[in-house]
Every structure is written in C-alpha cells, then in structure tokens.
Amino acid sequence: MMSGSDRLPGGPSWLRRLFGGQSPKPRVPDGKRVYAIGDVHGRRDLLEELVDRLQAHAAQADAAQNVLILLGDYVDRGKDSKGVIDDLLDLDLPGWQTVFLRGNHDQAILDFLNDAQLYRAWRSYGAAETLLSYGVTPPRFENDAVIAKARDEFAQKLPPRHLEFISNLKYLHIEGDYLFVHAGVRPGIPFEQQAVEDMLGIRDDFLQSQRSFGKVVVHGHTPSENPVRRANRIGIDTGAYATGRLTAAILEGDNCTFAATGEPVRLSA
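Residues numbered from 1 in each chain as written. Predicted model: local features only at pLDDT ≥ 70, side-chain atom pairs only at ≥ 80, totals over all residues. Heavy atoms only, no water.

Considerations on the packing of helix α4 (residues 104–114) against helix α7 (residues 144–157)
We apply this condition: Here an axis means a line fitted to C-alpha atoms, over the contact stretch when the element is a helix, while the angle between two N-to-C directions is reported on a 0 to 180 degree scale. Note on conventions: DSSP H or I runs of at least 4 residues are helices, E runs of at least 2 residues are strands, and numbering of each starts at the N terminus. Handedness of a crossing follows from how the near helix is turned relative to the far one, being left-handed for an anticlockwise turn of less than a right angle and right-handed for a clockwise one. Contacts between residues were defined by any pair of non-hydrogen atoms, one from each residue, lying within 4.5 Å. Each residue receives one of three labels: charged for Asp, Glu, Lys and Arg, nonpolar for Ala, Val, Leu, Ile, Met, Phe, Trp, Tyr, Cys and Pro, and polar for the others, Gly being one of them.
Across the interface, α4 lies against α7 with an axial gap of 9 Å and an inter-helix angle of 115°. In this structure, α4 crosses over α7, and the sense of that crossing is left-handed. Residue-level contacts link Ile109, Phe112, Leu113 and Asn114 of α4 to Ile147, Ala150, Arg151, Phe154 and Ala155 of α7. For the contact of α4 with α7, a count of residues per class yields 7 nonpolar, 1 polar and 1 charged.

The following block contains the structure:
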C-alpha cells in the first residue's frame, strides 16, 4: 500500500521521473498582463520610448487588466531624474493599474533631506546629477555648511508632489506567482518579515541562492548585459543610464518575454 508521502501528486520521486512530472510554471492571474520595468536612473528618454512600446504591445492583444510595475531607482546617474518623476506622475494609461516600487537611490533622496551629511555617501552614486536636474548646484567642498545649504535649496526646489511620490513608494508587490521588489529578498525569510535594507540593497546572498523564495522574484538593482532568468528570479536591470538599454519583463499566463529600448517587442514566449 502506498504511504501518504507516496501518493500523487508529489511522490514518489521515481514515479514523477517516470511520467515526467514537473512543477507548474509560474503564472500571473488570468486576465492580467504585467509589464515590469527595470532601473531607469534618470533616463527620461528611454522611459518614454519603452512605455510607448509597451502601450503599442498591449493594444495588440486583449487583457482584462494591464499592470505596469516600475522596480525603483528612478533617479541618479542619468541627466533627468526630475523629468523621470514628472513623467511617472503624469502617466496617461487609461484602464491600467500602475505600481511604483522604491529603490535604494530613491531612498537616498529622503535620507539626504533628513540628514544633509548623508550627501557624502550619496554623491558617490549619482547625487550630483539628481541635484542638477532640480536646478541645485552640487556641493563642491567638504564643508558641512555648504552641504547643508545644498540640502536646504534642494528641499525648496523639490516639488511637493515629487516628495509625496517618493515618500509613498512601495517596497514590494505580488501578482500571482511573482513577487516584484527592487533588489531582492533574504532567503528563508517570509516576505512580510523582509528587512527594508535587503529589499533595497541585497545582492550576493539573494543572487547566488538556488532555493525557492516561494514566488519568482522579479528585481532590478544589479545590472547585467541582458535580462537574467532563473527558476527563482528574473533580473531586468540592464544598466540603462550607461547602456541606453532599458528593459521590461512582460508576463502573461505562464509566458515571460522581454522588451527593451531600441529592440522590437515580441508577442509570445
């Protein structure tokens, strides 16, 4: 007699191998099509191009609900951080659901506003470009008063709706069998217990893990030449600010395809 652990589905292992049993492919909910865009980093031009491409793609196929998810890092490094946030606030996508997640670079703006001296850390990864996009001259000297003056000018020139947008960015979002987050998650920790520092900045412990996270994690934060697709994660940061290639994952049913600036959008997996 079969033991409880040997009854199908799920056991025994030799029977699954004999009949080719496999884990089901991850899916988004029926009737939804999800578009997830990686790190924009001040490249307003690429954001506008890619959103236009995704809208054209959506117009070619029916879906009860199109969902646009941006994975954070809207600012720094590229030349038009302010323009990127303007565009996101002014997106005209009737009938679409939009989800904006928080990246570590977006968090850096809030940190700088709270403590001017954190500029010393922020300036090494794109602060100057962001300040310039808002009409603020970056501090030129290692002087607390000069840095504080730049912070105060930035606080004055940052539109209230921009501050509200950045302050209300989410850390994660779930659609079906996928979890969307900026950097990744700590293996072995439930989603609701993930530390903010990990969701915004984790790398090796997440990227090198081969274990299931419970859902396929779609993330940015760590750039690569091409999208990275693993059984447990999908990485879509293709270094847009430097490469000119802003990438999106397109998820529908159990299909996953990719679109990028400068490339045609494919309609099927």
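Side note on the environment of alanine 145
Topologically, alanine 145 is positioned in helix α7. Between the C-alpha atoms of alanine 145 and glutamine 117, which are 28 residues apart in sequence, the distance is 9.5 Å.

Regarding the sheet that holds strand β8 (residues 233–235)
The criterion, for reference: Whether two strands pair depends on DSSP finding at least two bridges between them.
Judged by pairing direction, the sheet is mixed, and its 5 strands sit side by side in the order β4-β5-β6-β8-β7 without closing on themselves. Of all strands in the sheet, those with a lone pairing partner are β4 (172–175) and β7 (228–229), marking the two edges. The pairing of strand β6 (residues 216–219) with β8 spans 3 bridges and is parallel. By the bridge assignment for β8, valine 217 is matched with arginine 233.

Description of the sheet that holds strand β1 (residues 32–37)
Here 5 strands make up an open sheet; going across it, the order is β3-β2-β1-β9-β10 and the pairing mixed. Sheet topology places β3 (97–100) and β10 (255–260) at the edges, where each strand pairs with a single neighbour. In this sheet, adjacent strand axes meet at a mean angle of 20° when their direction is disregarded. In the sheet, β1 pairs with strand β9 (residues 247–252) via 5 bridges, with the strands oriented antiparallel.

Some points on the pairing of β9
For the record, the criterion: Three exposure classes are used, based on accessible area relative to the maximum for each residue type with a 1.4 Å probe and protein chains only: buried under 20%, partly exposed in between, and exposed over 50%.
Burial analysis of β9 places 5 of its 6 residues in the buried class, the great majority of the element. For β9 and β10, the ladder comprises 6 bridges, and the chain directions are antiparallel. Bridge pairing in β10 links alanine 248 to alanine 259. Following β9, the chain reverses through 2 residues before pairing antiparallel with β10; glycine 253 in that reversal takes a positive phi of roughly 60°.

Some thoughts on the pattern of salt bridges
Pairing is possible between side chains of opposite charge, provided their charged atoms come close. Put simply, the rule reads: Salt bridge, as used here: a side-chain nitrogen of Lys or Arg that lies within 4 Å of a carboxyl oxygen of Asp or Glu.
In total, this model carries 19 salt bridges according to the counting rule given. Two residues, arginine 27 and aspartate 30, come together in a salt bridge whose shortest N-O distance is 2.9 Å. A residue is classified by how much of its surface remains accessible, and arginine 27, at 34% relative accessible area, is partly exposed. Note that glutamate 142 and arginine 123 form a salt bridge whose closest N and O atoms lie 2.6 Å from each other. With a gap of 19 residues between them, glutamate 142 in the loop between α6 (127–133) and α7 and arginine 123 in the loop between α5 (119–122) and α6 connect regions that are remote in the sequence. Among the residues examined, arginine 123 registers a relative accessible area of 36% and is labelled partly exposed. In the salt-bridge network here, residues are joined through shared partners; they are Arg44, Glu48, Asp80 and Asp87.

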